Structure formats: structure tokens, C-alpha cells
Amino acid sequence: MIIDIIKKSLEGGNLTADEIAQLFEVPLFSSESAMIIAAGRQKCEKACKGLAEVHAQVGLNIAPCPNDCLFCSFASINGVFKEQVEVSLQDVLSQAKQFETDGANAIFIMATADYPFGKFIETSQEIRKELIPETVMIANVGDFNSIQAKQLKDAGFSGIYHAVRLGEGRDTKIKPERRLKTFEMAKEAGLILGTCLEPVGTEHSIEELVEKTIITRDAEPCFSGSARRIPIPNTKLADLGIVSEAKMAHILAVVRLALGYNIPGNCTHEPNVIGAAAGANLLWAEVGSNPRDTVEKTEAARGMNVDQCRKVFAEAEWKVLEGPSKFYSVDSRKELEKVIS
Ligand code: SF4
């Protein structure tokens, strides 16, 4: 039965919710789990023509955020950051430029959800001027409306990162519908969506994993994938522990099999070799603020740089794309789809 589901996926079939659930339920380290991981890697290589990507994120600010996502260090309720701290424009520009020099395939600009939108646009315009025109810029911000979506596009962003997170509306104060509306606004403005099944915790049911996986598929993003929750010390969710990298490898392979060849990317975060080996072809370097970290400069703690991400890929036998992201390029994706079909 599992072999049949894998075969259906590799042949380009759309898996049903029940089939995805069966793949998630397979015990780790069983021969069937090994088959799922091997097939996930195979499908991932075919979908991206064997080229992985390293994207890099610059965090603009730290602030206690009223949306109170329980897994986030910025959440007011978690009490990690009590003051508003802004990274200086000069530092932001030099960090973005450094990522470009280091060969990141796309540069993400991230701010907390209630960061003033106008200011985000102004800073982004400055960053855009600092970077060469070919460098792909992606916005990672809170929910936005149609006018703001157009402003992001006009500021030089190719796309966004956005997700309906596990526990959305339960562990966060944001309704899933609001997140889905932002997907729609982005699409209408011509912004390409990257998304993910995240943040996976020990308590999440198979049912919820399936539901959120299908949401990522239906959104027709340029990448999905899966990332685990990093426990923020002394918070309610930290007591639930952390999902192992070995289990995440199985989960991200299932996500890969649940999604079609039209979606070239399959991310994981934080970067790790077993995840990349199992079919994650997108990793992130990070600098500045980070919702999984408790220090102001994540590069001094959890955040990896571009070179470290490339080393993780090398250990997992991936070649890394040189140049601008193909995941976030409409033309490249059309080319990829032609090769596959
Ligand atoms: S994940 Fe985003 S919206 Fe949620 S608390 Fe953190 S910054 Fe705010």
C-alpha cells in the first residue's frame, strides 16, 4: 500500500488526504520510511533539476508583538523581548549586501507583524538600491491588504514568505482565514509565495499535519517543506520539547511527496544534514532578529551564514545553484515544468 502511494506521487498523481496521512503514520526507521525518504529526495531532485538553493534573511527589528504566537520569541506573552530595537539602516544595508556577495540565491527582509508598513517599504527601497537588479528580494512580514501587496511589488520584491502555521488561531491570535487572504492578495499582485508546514511540535496530530500540508499544496507556492518548532526557554510550548531532526526528515519527505512537480522547492529550517539528505533543497542563513532566537543578533547564536548552509548541502550531496533563485522566478519555473512533463 505505501509502495503504491509512493509510486502514485512519483508518477505525478495528486495524493488524497488519507494517502498523505498513511505516509505520515509510517514508523521511523522502518523500511517503508526509508522508501519514503528515498522517493522524497528523488522527487525533489527532479522538481528542481538537482540544484538546491540557499536563501538568506535579514531581520529589521525586535519588538514585543501583540499577535502572541506562542512559538515566537517576539510574542509579548513570552516576555523575551520587552523593548523595541531597530537595526540601523546602515547595518541592514551592509548585511543584505554581504549576503549578496556570499552568493545567497534570494534575500528575505523580515520584520515583526506590527512593524510600520510604510517604514518597511522605505527600508526595502533602500536595500533594493543597494543590491544588483538581478538579486531576488523576498518579504517576510505580517498580513497585508491588496494596496500593500502592490506596494511590496513596486518596492522590488519578487515574492513573499507566508504560512498558515500549525496551531494558527489556537496558538496564535491570527485566524487562518486572515493568512489565506494574504496568500490571495500576494497572488493578485504578482508576488510569488513560498510557504511551509511549520512550526512542527511534538503535540501536532497527523490530522493537522495533513490539513496544513494540503493548504501549502493548494496555495501553489514555489516551495513548501517542513520546519520544526525551536523551544523558546521558559515558555509554555517549550515544555512540550522538540521534534527530532530524524523525524523531521520523514515529515519533510512526506510533504515533498504530497506536493506536485510544479512546486520545485522543499525547505527545512534550521539547516541540518539529515533533512537536506532526505530531500530539503532550500535552507536559510540568518542575520539580525530571529523569532526562534533569544538574542538580538542571531548570527552570534542560532543563525547560520551562507557558507555554513552550503556546507550542509555538500554533506547531503546537493549541488547549490549559482545566481538568482529559480524557485522565485516565474520563467524558471515554467522551464522546469517543461523539462518534467
Ligand atoms: S510569529 Fe510574527 S505575528 Fe507571531 S508573534 Fe512572532 S512576529 Fe508576531
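Structural data are supplied above this passage.
What counts and what doesn't
- Residues numbered from 1 in each chain as written.
- Predicted model: local features only at pLDDT ≥ 70, side-chain atom pairs only at ≥ 80, totals over all residues.
- Heavy atoms only, no water.
- Salt bridge = Lys/Arg side-chain N within 4 Å of Asp/Glu carboxyl O.
- Helix = DSSP H or I, 4+ residues; strand = E, 2+ residues; numbered from the N terminus.
- Buried < 20%, exposed > 50% of the residue type's maximum accessible area, 1.4 Å probe, protein only.
- Pairing = 2+ DSSP bridges.
- Axes fitted to C-alpha atoms, helices over the stretch in contact; angles between N-to-C directions.
- Parallel < 35°, antiparallel > 145°, perpendicular 65-115°, else oblique.
- Left-handed = near helix turned anticlockwise from the far one by under 90°.
- Contact = heavy atoms within 4.5 Å.
- Nonpolar A, V, L, I, M, F, W, Y, C, P; charged D, E, K, R; others polar.
- Core = buried A, V, L, I, M, F, W, Y, C linked by side-chain atoms within 4.5 Å.
- Near = heavy atom within 4 Å.
- Expected span 1.5 Å × (residues − 1).
- Arc of directions from axis to C-beta.

Trainee: Help me out: how do you make sense of the pattern of salt bridges in this one?
Mentor: When the charged atoms of two side chains with opposite charge come close together, those side chains can pair. A full pass over the atoms with the stated rule returns 22 salt bridges. Across the pair K119 and E86 runs a salt bridge whose closest N-O atoms are separated by 3.1 Å. Linking K119 in helix α5 (residues 117-130) with E86 in strand β3 (residues 85-86), this pair joins segments that are 33 residues apart in sequence. E126 is the partner of K129 in a salt bridge, and the nearest nitrogen-oxygen pair spans 3.2 Å. Remark: E126 and K129 occur in helix α5; sequence separation between them is 3 residues, near one turn of the helix. Overlapping salt bridges bring together D143, R165, E168 and R179 as one network.

Trainee: What is the right way to look at the pairing of strand β9 (residues 223-228) in this model?
Mentor: Successive side chains on a regular strand alternate, one facing one side of the sheet and the next facing the other. The buried fraction of β9 amounts to 6 of the 6 residues, a majority that puts the element mostly inside the structure. What you see with β9 is no split at all: F223, G225 and A227 on one side and S224, S226 and R228 on the other are buried throughout. Relative to β9, strand β8 (residues 197-200) is paired through 2 bridges, and the arrangement is parallel. Within β9, the residue paired with V200 across the bridge is R228.

Trainee: Is there a simple way to explain the packing of helix α2 (residues 17-25) against helix α9 (residues 245-258) in this structure?
Mentor: Between α2 and α9, the shortest axis-to-axis distance is 9 Å and the interhelical angle comes to 160°. Taken together, the axes of α2 and α9 lie roughly antiparallel to each other. As for the relative orientation of α2 and α9, their crossing is right-handed in sense. For the pair α2 and α9, the contacting residues are I20, L23 and F24 in the first and H250, I251, V254, V255, L257 and A258 in the second. Within the contact of α2 with α9, the residues separate by chemical class into 8 nonpolar, 1 polar and no charged.

Trainee: Could you clarify how one ought to interpret the nonpolar core in this entry?
Mentor: One broad trend across soluble globular proteins is that nonpolar side chains are buried collectively. Of all hydrophobic cores here, the largest spans 65 residues; its most connected members are F99, F120, F144, L152, F157 and F223. With sequence-adjacent residues up to four places away left out, F157 is seen in contact with I109, F120, S124, M137, I138, A139, L152 and L191. Counting 27 residues, the second largest nonpolar core, distinct from the first, contains I5, F24, V255 and L259.

Trainee: What is the right way to read the site of the ligand from this model?
Mentor: Taken together, C65, N67, D68, C69, C72, F74, A75, T112, A113 and R165 are the residues near the ligand. Residues of the shell around the ligand, tallied by class, amount to 6 nonpolar, 2 polar and 2 charged.

Trainee: Would you take a moment to explain the environment of L257 for this structure?
Mentor: Within the secondary structure layout, L257 lies in helix α9. For the pair L257 and K173, spaced 84 residues apart in sequence, the C-alpha to C-alpha distance is 31 Å. Filtering out sequence-adjacent residues up to four positions away, L257 remains in contact with I6, S9, L10, L15, L23, I36, A39, G40 and K43.

Trainee: Looking at this structure, how should I read helix α7 (residues 176-189)?
Mentor: The periodicity of an α-helix, 3.6 residues per turn, causes residues three or four positions apart to be oriented the same way. With 14 residues, α7 extends 20 Å from end C-alpha to end C-alpha; this agrees with the ideal 20 Å at 1.5 Å per step. Looking only at α7, the buried set comprises R179, T182, F183, M185 and A186. The buried side chains of α7 occupy one side of the element, clustering within an arc of 165° when seen end-on. Facing away from the buried surface of α7 by more than 90 degrees, the exposed residues are E177, K187 and E188. Looking at the buried residues of α7, the elements they touch are α6 (146-154), β6 (159-161), β7 (192-194) and α8 (206-218). Of the residues flanking the end of α7, it is G190, one or two places downstream, whose phi is positive at about 80°.

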